[in-house]
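Survey of secondary and tertiary structure
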Amino acid sequence: MKKSMIKLAVGTAAVLLMATSAEAGYTMKKKVGDVDTKLTFFGFAQLEARGGDGIINSATTDAPVEFGAQRVRLGWKYVAGKVRGKVFLDFNQAHDDLNKYTGAAMPSMVKDAFISYVFDPAFVAKAGLIKMPNGMGFTMPGWNLDIAERGMDKQLVLERNTGLMFSGRGIGWKGNKVNGFEMGHERPWKGFGYDVMVANQAARSKAVTGETRAGGLSYAVRGMFDYTEKFHMEASYAVSQNAGGYDANVSVTGNLDYSNYNVGIDSNLGKLSLKAEYFNAHNIKGTKDRDEQVFTATAGYFITPAVEGVVKHIQADANWAAGTPSTTLGNTYIGLNIFMSMPYSDFSRKAKRTRNQHKVVLNYIVASGDTSTATTPWNGLSGYKDDAFIAQYQFKF
């Protein structure tokens, strides 16, 4: 089945590319009656090498360097009047792990699969498998990250889920363009925005147990304000019911609702970019008083138009349960982004995003706090307990 899906994807790509003019890029346009339709094909891959004691101690490898891929994705978007549709697949994820009782109700290979209708920039309805509006960094595209990966804060979000979402952007100002595919703050806006989503139980979240039939729903609400690319601020609150899964032997204290709130700020100031984000999570995996707090701070600066230096620090505190000692962990990413293609020479957010189509990312991760050698090592959801490094090449089209 996996080989068949790969052949289908390759065949689809070939047909699309042969049918596309050079001027149109990877987009096909067709008029159906009085409606203009557009189909866009896109994808990206992140090929990498990982090493260091933090990788070896994770029990995933005993080699000094591990080669692999973080993401290998292909997708397409469809536009017909006010109707939108998107499918996004990751060929580096399992395609046969469907469990009808898990929240997403689709294999892990399916990252996005939704339809939307743009009633108005202030009211867009989406239905299907979508990123839940929880976590500023998480809802930005995976190819547009400051470092080679999402950090340990990503484990606290509600992840992707199947449900219904209503959104609005640029409220209070005119001239904002809304395309119906928005999940985060992809483009510079002016004005207020919001997302409200109700979905199945958030079984893809690392903070929720999804291996057994959990039942219940998940909810997320987010508000934001933007003033061009210089300032973005958002806050969200999310809940997933019965986060410990459902089993006749699970006690009430082991099947509570998981919840978190998140606040984030993002500023693009030409060569300099600054971000900060905070998570406060409660009852992880449905366990009473199993809490975690994570703060991230990121600074990036373009040394030259083709080289960006980045430092991202993630500081986390975890409480396993009442009466147990808390643990702390810090992961500091020190890195360089080297851009192999330079279609723009300025430092606007659009130019920076376009540079990301072909780049090399070099990161060294410094672990601090309750590392692997501590008396009580870090017991949070994820994170490097020892130093590590990542070298990654990304290409996107």
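For the structure, see preceding data.
In what follows, the accompanying structure is described. (Residues numbered from 1 in each chain as written. Predicted model: local features only at pLDDT ≥ 70, side-chain atom pairs only at ≥ 80, totals over all residues. Heavy atoms only, no water.)

**Let's talk about the nonpolar core**
Ranked by internal contacts, the top residues of the largest apolar core, which has 40 residues, are L156, Y258 and Y384. Taken together, the elements giving at least two residues each to this core come down to β8 (189-200), β12 (272-282), β14 (307-319), β15 (327-339), β16 (358-369) and β17 (388-396). At 4 residues, β14 tops the list of elements feeding residues into this core. (Core = buried A, V, L, I, M, F, W, Y, C linked by side-chain atoms within 4.5 Å. Buried < 20%, exposed > 50% of the residue type's maximum accessible area, 1.4 Å probe, protein only. Helix = DSSP H or I, 4+ residues; strand = E, 2+ residues; numbered from the N terminus.)

**With respect to the side chain of R150**
Its location among the elements puts R150 in the loop between β6 (123-131) and β7 (160-171). One buried charged side chain, R150, makes no salt bridge at all; its nearest oppositely charged neighbour is E159, positioned 6.9 Å away. Among the polar contacts listed, one links the side chain of R150 to the backbone oxygen of G137, at a separation of 2.8 Å. Separated by 2.9 Å, the side chain of R150 and the backbone oxygen of M140 make a polar contact. The residues contacting R150, other than those within four sequence positions of it, are Q70, R71, K131, G137, F138, M140, P141, G142 and L145. (Lys, Arg positive; Asp, Glu negative; His and termini not counted. Salt bridge = Lys/Arg side-chain N within 4 Å of Asp/Glu carboxyl O. Polar contact = N/O pair within 3.5 Å; in protein donor to acceptor, adjacent residues only side chain to side chain. Contact = heavy atoms within 4.5 Å.)

**Some thoughts on the environment of W378**
Within the secondary structure, W378 sits in the loop between β16 and β17. It is 9.8 Å that separates the C-alpha atoms of W378 and G330, two residues lying 48 residues apart in sequence. In this view, W378 contacts M152, E292, A316, D317, A318, T327, T328, L329, D370, G383 and K385; residues no more than four positions away in its chain are not counted. Of the polar contacts made by the side chain of W378, one reaches the backbone oxygen of S382; its length is 2.9 Å.

**What to know about the packing of aromatic side chains**
In this structure the tally under the stated criterion is 15 aromatic pairs. Put simply, the rings of Y117, F119, F123 and F166 pair up and form one aromatic cluster. One residue, R290, lies across the ring of W320, its end atom 3.8 Å from the ring centre. Of note, K396 hangs over the ring of W143, and the distance from its end group to the ring centre comes to 4.4 Å. (Phe/Tyr/Trp six-rings, centres within 6.5 Å; stacked < 30°, edge-to-face > 60°. Lys NZ or Arg CZ within 6 Å of the ring centre and 35° of its normal.)

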